[in-house]
Structures are given as C-alpha cells and as structure tokens.
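If you want the building blocks of each chain, they are given just below.
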Amino acid sequence: MQINRYKPLVNKAFFSALRQTYETRVYRVFLILLTGTLFFSSCNTAKYLGDDELLLEENKIVFEDDEHLQNKRTLRYELSGLYQQKENTNLLLWPREWFYLKNQEPGDTSWWHNWQKRVLGEPPTIHDPELANKTAESMRIYMQFKGYYDAEVSSDEYDVKERKKKVYVAYYINPKKQYTIDTIQFFSLDPTIHQILQEIKPRTHLREGLGITRELYNKEKDRITRYLRNNGYAYFYPQYVDALEAIKSEDFSQVKLKLEVFPPFEDSTHQVYQIGDINIYMDYDPTLEESEYKDTLINGFNFKIRTPDIEIDPETILRSIYLDKGDLYSEANFEKTNKQLSSLGVFKFVRIRQNIDSSEVNVLNYRIELTQSLNVELGVDFDVSYTNRNRSATTGNLIGISVSPTIQNKNVFGGAELLASSLSAGVEINPNPRNQAAFWNTIDLGLRSNLYLPKFNDYFNIWRGLNKIFRGGKKQRLVKVDNFYTLLRENATTRISGSYNYLHLLDYYRYNLFDASFGYDVRRANTHRYSINHIGIDYLDPVTDSLFEDILKANPFLERSFGQQLFVSLLFRDFNFVYQSRTTGFGDSH
C-alpha cells in the first residue's frame with residue numbers, strides 16, 4: 001500500500017530565517033536603548049552648574065480656598081504670564097540648556113559650537129528666590145486687578161533634587177472673596193458733563209453684582225471718553241476720568257463706587273466744538289504756496305485746485321466725507337472720513353488736519369490734503385511648471401509655460417472706479433515625444449476684467465427691502481440686518497466681473513467658458529471681508545475630439561455631463577467669507 005506524504009507548507013529554513021530576523025531586531029532595539037542611555041547620561045546639565053546653583057525645573061500655581069473663584073483655568077493661564085523665571089524647554093527629548101552649557105567652554109569658538117549654542121540651546125534658568133518673591137508680588141497685584149483685593153500669594157520650593165541640581169517652585173494663591181459692585185455714582189464739577197454722565201449711566205459696564213476689576217474700569221473709562229468725543233468734546237482725554245473711589249458696605253464684600261470726571265486743568269468746564277470750514281486740497285503738493293491754489297465752492301465745501309480740470313469727480317470725494325459744517329465734532333465721523341478717503345485707492349496720501357478757529361474758540365476748521373497716486377499700473381506674471389507622467393507608457397512628462405500681463409486703471413471714469421484686467425496665455429509641451437504622444441499638449445487662453453465702483457448700488461432694492469422687513473419697529477430683531485445694511489452702505493464696493501477662457505487639450509477636447517457676475521465686496525475689518533454675488537451667468541461650450549469620444553462612450557455619466565451648459569442666477573448666486581489672520585514676523589498669514 002502506498003502512503004501519500006504531504007509536503008510541509010513551511011520548512012525549517014523558514015523558521016531559521018525568522019529566528020535570525022527576530023534576534024537581529026532585538027539586538028537593534030538593545031543597541032538603540034544602550035546608545036540612548038549613554039547619550040542621556042552625557043546630557044547631564046548638573047556637572048556644568050556651580051555648587052549653589054539649582055536649575056528651575058517646573059513652575060506651578062496652586063489655588064487655596066478657591067470656592068469663590070471663577071474661571072480658574074483662564075486665571076491660571078493669565079497668571080503664568082507673570083513668571084519672572086520660566087523653566088527651560090526641550091528640543092525633542094534633549095534639554096536645550098545642555099546645548100547652551102556644553103558649547104560655552106573656553107575652546108568652543110567655532111561656528112559649529114556657536115550655532116548649537118544660539119539655535120539649539122537656550123540660557124539655563126538658574127533659580128533665584130528673589131525673582132520668585134517678585135513673581136508672587138506681581139500675582140498678588142494682578143489678583144487685586146481682578147477684584148480680589150485681600151488675596152495672599154506666596155512662593156515655595158516644594159521639591160529640591162540636590163544630586164540633579166533641580167528645583168520645583170510652586171506659587172500658592174489664596175484669593176479670598178472677590179469684591180463686587182453694590183452701586184455706582186458718577187460725578188463731575190463740570191455741570192454739563194455731570195448731566196451727561198447721568199444720562200448715559202444706564203449703559204455703564206460697572207453693573208451691580210459684578211467684580212470690581214481693572215478690565216471693567218478701563219472699559220468704562222473708554223466708554224465715557226468715546227461718548228464725549230463723539231458728541232462735540234474733541235479734546236476730552238481718558239486722563240480726565242479719575243480712579244474709582246470705593247466705600248465698603250456692611251458685609252465687606254459689596255462696594256459702593258464713585259467715579260469722577262475732572263474739569264480741564266486750565267478751565268472749569270470742557271469745551272464743546274462745532275465743525276467750521278472744510279477746505280479740500282486736490283492733488284496737494286507741500287512745496288506749493290497757498291496762492292497757487294484756486295478756490296471752488298461745491299455743495300458748501302471749498303475745493304482747492306491747481307488746474308481747472310479736476311481728475312476725480314468731486315461727488316465721489318464728498319460721499320466719503322462725514323464731516324458737515326455746523327455739526328458737533330464726532331471722532332467716529334473723523335475716523336470714518338479718513339478711512340473712506342484712503343479706501344478709494346486713488347490717493348497716495350490722505351491727511352486731515354483740524355485747527356481751532358482764530359475768531360470762534362468753539363469752532364474747528366478742517367484741512368483735507370489729498371495727494372493723488374498714478375492712475376494706471378502695469379504688471380506681468382511669468383510661470384513655468386513641470387508635470388511628471390512617467391507612469392504612462394504613451395505620454396511623457398510635460399513642461400508648462402504661461403504669461404499673464406495685467407493692467408489697472410484706478411480712475412477709469414473719473415469717479416475713482418477701478419478697472420482691473422488681466423490676460424493669460426499658456427501652453428504645455430512634451431519635450432520628449434514618443435509613440436503617439438505629440439509635442440504640443442495643451443493651449444490655455446484667458447481674459448478677465450473686474451470693474452469696482454466705490455459705492456453701494458442697491459439697484460434692485462434687495463437689501464433695503466430686507467432691512468425694512470426684519471427691522472419693522474421690533475426692539476428684538478431676529479436678524480441684525482440693519483447693522484449689516486449700514487455696513488454695506490458705508491463700506492461696500494460694487495463689483496461687475498466678466499471672464500472668458502479657452503482651453504484646448506489636443507486630440508481630446510476644447511471648450512469656451514464665459515462667466516459674468518454682479519455683486520459687492522465689503523471689508524468689515526482688516527482681517528475679514530465678505531463677497532456677495534447676486535447676478536451670475538455661466539456658459540460652457542465644449543467640443544470633443546476623436547480620442548476623448550472613445551472615453552465618453554465607455555462612461556455614459558461623463559458623456560451626459562460633458563455638454564453645453566448654461567447657469568443663470570438672478571437674485572442670489574453665492575456668499576463668501578474670507579478670513580486672513582495678521583501676518584507673522586516672517587510675513588506669513590493663515
């Protein structure tokens with residue numbers, strides 16, 4: 001009888017190789033651990049320190065009796081910024097102070113040692129008890145700014161490792177009870193200011209029950225100053241607002257506050273100012289004499305011009321000025337005027353000077369100096385790209401070349417309208433054609449123009465209608481359309497855009513793409529802006545060639561979507577929000 005023997009699936013050679021691989025890996029891990037142990041033992045910073053020196057290893061904040069403490073995490077973070085000494089950091093797993101100490105020996109003068117010391121290392125933080133006490137005092141004062149006027153702060157070395165020469169420091173904070181506001185009284189020896197303070201008292205930041213903090217006091221001081229400067233008091237400054245005067249109540253936690261506004265140092269009352277004459281210098285040149293300008297009165301504003309022809313429509317200038325003769329001085333309108341004139345983009349410099357009238361001490365005359373910039377700017381961009389297509393057997397790599405000239409006219413119709421146009425032309429070529437691949441691969445042509453009008457044109461009254469609907473006399477609005485509508489009227493730029501693009505991928509397809517849109521751009525702050533498009537038209541007209549038709553036949557979904565397309569939006573097309581953070585020291589932003 002014949003017995004069939006099954007051949008084993010894994011032979012002894014496999015197990016031998018597996019065991020050898022396992023032993024090799026174990027050896028490598030052991031070698032890495034040994035090398036790391038030896039390296040870290042050499043990274044001991046204690047040998048570089050003096051006998052009485054200890055390296056600050058850690059700072060920590062400990063709150064005691066914190067049952068009345070609010071926002072503990074935020075407060076701990078804020079207090080940590082007051083450390084007079086901060087612990088050293090690590091570079092991956094290595095202490096950075098080691099690189100500093102290792103490379104400051106007398107013979108370490110080469111560029112390599114200096115580079116390690118300067119880039120990789122940082123000066124060691126040697127614990128100083130006196131600086132720790134100063135930190136504790138700073139924390140105590142900061143706690144008082146937060147309303148904890150009886151707070152106690154102390155520092156202590158809660159752990160000392162003599163052999164490693166390291167010390168751990170803790171700051172113990174007993175906040176005790178926070179003083180809160182009982183009542184607030186406003187007072188001024190200037191009777192008019194005193195009356196105003198009583199009228200605006202309901203909007204105070206110093207409300208009953210809140211903690212008495214430096215932050216609240218500063219906000220209240222800014223509120224009073226801003227209100228007065230927007231209502232005629234052009235030369236009122238925060239220094240006139242006195243520090244808070246506090247009187248403890250019977251329970252020693254509720255405090256009655258008094259805030260006084262001083263009269264001016266040289267008078268008994270603050271002066272209210274009205275706007276007087278406004279002189280607008282078009283194309284201002286500081287080297288010219290006053291007699292070289294001619295006066296032209298337009299809508300009550302005196303334009304100072306050098307030539308009879310004014311390049312910029314005066315109505316455009318007047319729409320950007322929020323100062324009117326006879327009105328009370330308003331700092332908000334002053335700043336808004338400066339901002340709006342600068343945002344027109346046609347002036348290189350904008351200066352607004354105010355002076356007290358020589359005959360009427362309560363009148364401020366204004367001198368607006370506008371220095372025009374060049375109306376036309378030219379530019380060109382040149383780009384070279386490389387596409388790696390080595391995986392394809394029939395096509396080679398591609399080199400792309402494109403050029404894009406641009407032109408901007410900042411005053412195309414005389415009303416500070418900006419016309420920005422650009423033309424783009426590019427090709428992609430195959431420098432090493434083989435098999436069926438051709439030398440020319442892609443042709444791309446484009447034209448785009450944007451016309452920006454320096455005003456908000458609500459042609460269809462969409463935003464005006466929305467503002468009426470949601471405002472409607474209600475005190476609590478569902479949507480704050482009124483504020484946004486005001487923002488549009490004051491800051492929005494009307495934009496009309498159009499573009500054409502022609503793309504030809506040889507032997508595959510080519511298309512013509514047209515688009516046009518109407519909308520607004522509005523910048524709410526330096527870091528973010530809105531882009532709103534109401535009307536939009538997009539038209540795509542593709543034409544397929546032989547090679548691409550074979551691809552379409554194999555993909556019915558692509559075939560149905562690759563045809564003539566027309567998209568039309570009449571009321572609303574899209575809304576975009578763009579946020580850009582402030583630039584870093586390296587010029588980067590996110």
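In this text, all values refer to a predicted model and were calculated from it rather than measured experimentally. (Residues numbered from 1 in each chain as written. Predicted model: local features only at pLDDT ≥ 70, side-chain atom pairs only at ≥ 80, totals over all residues. Heavy atoms only, no water.)

Q: I keep staring at the confidence of the model for the protein and nothing clicks. Help me out?
A: Within the protein, residue pLDDT values average 85, and 86% of them lie at 70 or more. At the level of individual helices and strands, the protein shows its lowest average pLDDT in helix 1 (residues 12–42), which scores 50, and its highest in helix 6 (residues 191–199), which scores 97. pLDDT under 50 marks residues 1–10. Its contacts with residues more than four places away, or in other chains, come to 1 contact. This model gives residues 475–479 a pLDDT under 50, and the stretch forms 4 contacts once residues within four places in sequence are excluded. (pLDDT = per-residue confidence, 0-100. Helix = DSSP H or I, 4+ residues; strand = E, 2+ residues; numbered from the N terminus. Contact = heavy atoms within 4.5 Å.)

Q: Even after reading the chapter, I still don't get the pattern of salt bridges, so can you show me in this structure?
A: Pairing between side chains becomes possible if they bear opposite charge and their charged atoms approach one another. By the definition in use, this model includes 22 salt bridges. Across the salt bridge formed by K166 and E57, the nearest N and O atoms sit 3.9 Å from each other. Remark: E57 occurs in strand 1 (residues 55–63) and K166 occurs in strand 5 (residues 166–174); sequence separation between them is 109 residues. The exposure class assigned to E57 is partly exposed, which follows from its relative accessible area of 30%. (Salt bridge = Lys/Arg side-chain N within 4 Å of Asp/Glu carboxyl O. Buried < 20%, exposed > 50% of the residue type's maximum accessible area, 1.4 Å probe, protein only.)

Q: So what exactly am I meant to see when it comes to a nonpolar patch on the surface here?
A: On the surface, a cluster of nonpolar side chains totalling about 980 Å² of accessible area is made up of I537, L566, V568, L570, L571, F572, F575, F577 and Y579. Only strand 21 (565–569) and strand 22 (574–579) provide two or more residues apiece to the nonpolar patch. The element contributing the most residues to the nonpolar patch is strand 22, with 3 residues. By relative accessible area, I537 is classed as partly exposed at 39%. (Patch = residues over 30% accessible without salt bridge, like charges linked within 9 Å, V, L, I, M, F, W, Y side chains within 5 Å. Areas by Shrake-Rupley, 256 points an atom, 1.4 Å probe, with all protein chains shown as cover.)

Q: Just checking my understanding: could you explain the sheet that holds strand 11 (residues 301–305) for this structure?
A: Sheet strands pair by backbone hydrogen bonding; their relative direction is either parallel or antiparallel. Pairing in this open sheet of 5 strands is mixed, and the strands run 10-11-9-13-12 from one edge to the other. Each having just a single partner strand, strand 10 (294–298) and strand 12 (347–356) make up the two edges of the open sheet. For this sheet, the mean angle separating the axes of adjacent strands, direction not counted, is 25°. As defined by bridge partners, strand 9 (residues 274–281) adjoins strand 11 across 3 bridges and the pair is classed as parallel. From the neighbouring strand, N279 faces strand 11, where its bridge partner is N302. Lying on the sheet, helix 9 (residues 331–343) is in contact with strand 12 and strand 13 (363–372); it crosses strand 12 at an angle near 160°. (Pairing = 2+ DSSP bridges. Axes fitted to C-alpha atoms, helices over the stretch in contact; angles between N-to-C directions.)

Q: Would you mind showing me how to read unusual backbone geometry here?
A: Negative phi values dominate among residues other than glycine, just as trans dominates among peptide bonds. In this model, K165 sits at a positive phi of 55°, which is unusual for a non-glycine residue. Mapping K165 onto the fold places it in the loop between strand 4 (152–161) and strand 5. On the basis of relative accessibility, which here comes to 14%, the residue K165 falls in the buried class. The phi angle at D507 is positive, at roughly 70°, despite the residue not being glycine. Along the chain, the position of D507 falls in the loop between strand 18 (493–505) and strand 19 (509–523).

Q: Quick question: what am I supposed to make of the side chain of T213 here?
A: The residue T213 is located in the loop between helix 6 and helix 7 (214–229) in this model. On the basis of relative accessibility, which here comes to 14%, the residue T213 falls in the buried class. A distance of 3.1 Å separates the side chain of T213 from the backbone nitrogen of L216, its partner in a polar contact. For T213, the residues in contact, after removing those within four places along its chain, are F145, K146, G147 and Q178. (Polar contact = N/O pair within 3.5 Å; in protein donor to acceptor, adjacent residues only side chain to side chain.)

Q: Whenever I open this one, the packing of helix 2 (residues 72–80) against helix 5 (residues 129–145) confuses me. Can you help?
A: Relative placement of two packed helices is described by the angle separating their axes and the distance separating the axes. Packing of helix 2 against helix 5 brings their axes to within 10 Å, and their N-to-C directions diverge by 135°. Put simply, helix 2 runs oblique to helix 5. Both helix 2 and helix 5 take part in a crossing whose hand is right-handed. Counting all contacts with helix 2, which are made through L75, E78 and L79, the residues of helix 5 involved are M139, Y142 and M143. Here the residues of the contact of helix 2 with helix 5 sort into 5 nonpolar, no polar and 1 charged. (Parallel < 35°, antiparallel > 145°, perpendicular 65-115°, else oblique. Left-handed = near helix turned anticlockwise from the far one by under 90°. Nonpolar A, V, L, I, M, F, W, Y, C, P; charged D, E, K, R; others polar.)

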